[in-house]
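Each chain, written out:
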Amino acid sequence: MAPRTCSIANALEVVGERWSLLALREVFLGSTRFDQIAANTGASRDVLTVRLKKLVASGVLEKHQYSEHPPRHEYLLTDTGRALHNVMLVLKEWGDTYVTEGPLPLVWEHSCGAVLEPRVVCAACGEEATPESLTRAAELTH
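Scoring rules and cut-offs
Residues numbered from 1 in each chain as written. Predicted model: local features only at pLDDT ≥ 70, side-chain atom pairs only at ≥ 80, totals over all residues. Heavy atoms only, no water. Buried < 20%, exposed > 50% of the residue type's maximum accessible area, 1.4 Å probe, protein only. Helix = DSSP H or I, 4+ residues; strand = E, 2+ residues; numbered from the N terminus. Contact = heavy atoms within 4.5 Å. Polar contact = N/O pair within 3.5 Å; in protein donor to acceptor, adjacent residues only side chain to side chain. UniProt positions renumbered as here; feature names shortened; annotations may be inferred. Axes fitted to C-alpha atoms, helices over the stretch in contact; angles between N-to-C directions. Left-handed = near helix turned anticlockwise from the far one by under 90°. Nonpolar A, V, L, I, M, F, W, Y, C, P; charged D, E, K, R; others polar. Expected span 1.5 Å × (residues − 1). Arc of directions from axis to C-beta.

An unreviewed UniProt entry annotates the protein chain as Helix-turn-helix domain-containing protein originating from Lentzea sokolovensis.

What follows is the structure, encoded as structure tokens:
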């Protein structure tokens, strides 16, 4: 039996590795230079180099040279990368709720003044998307 075809599996091929997600976290937080990303993630330089190359090749990040002598680069989010923002927020919320013990290491405040608690909602009706509220639709093509 062949495994289920799934967009989650396809997405994990691009961003589903620990150091890839942590590198993206750093870029979202404004650390765009290799040394900053390495220091803030704890990834080895070799591993981080491979992960950043894959994120660039997949169109999630763009590599821009900011210095010629010596040559230095920074990594910036593409539109594809910025589209991962809500995924990162929801993953953080899950970690805050079910994994992190003690004080939360990072808390976001929304522009309304409240502490952000991200939720996935239906774009049509605005109601939260829960497992109970979802049914599988007929196959759709893009």
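### Observations regarding helix α2 (residues 18-28)
Taken residue by residue, α2 has Trp19, Ser20, Leu22, Ala23, Leu24, Glu26 and Val27 as its buried positions. Contact partners of the buried residues in α2: α1 (7-15), α3 (34-41), α4 (45-57), β1 (61-67), β2 (72-77) and α6 (85-98). Two or three places before tryptophan 19, at the start of α2, stands the capping residue glutamate 17, its side-chain oxygen 2.7 Å from that residue's backbone nitrogen. In the stretch just after α2, glycine 30 is the one whose phi turns positive, near 100°.

### Observations regarding the UniProt feature "domain: HTH hxlR-type" (unreviewed entry) in the protein chain
Annotation from UniProt places "domain: HTH hxlR-type" (unreviewed entry) at residues 6-103. As a span, residues 6-103 carries 60% helix and 13% strand, and end to end its C-alpha atoms are 36 Å apart.

### Re the packing of α3 against α4
One way to put it is that α3 packs onto α4 with a least axis distance of 10 Å and a crossing angle of 115°. Classified by chirality, the crossing of α4 by α3 is right-handed. Listed contacts from α4 to Phe34, Asp35, Ile37 and Ala38 of α3 are Arg45, Leu48, Thr49 and Leu52. In terms of residue class, the contact of α3 with α4 is built from five nonpolar, one polar and two charged.

### Observations regarding α4
Under the 1.5 Å per step criterion, the end-to-end length of α4 is 18 Å for 13 residues, consistent within 8% with the ideal 18 Å. Burial in α4 covers these residues: Leu48, Leu52 and Leu55. Within α4, the buried residues cover an arc of 60° as seen down the axis, which keeps them to one side. Counted as exposed and oriented over 90 degrees from the buried face of α4: Asp46, Lys53 and Ala57. Packed against the buried residues of α4 are α1, α2, α3, β1 and β2. After α4 finishes, the residue glycine 59 shows a positive phi value of roughly 80°.

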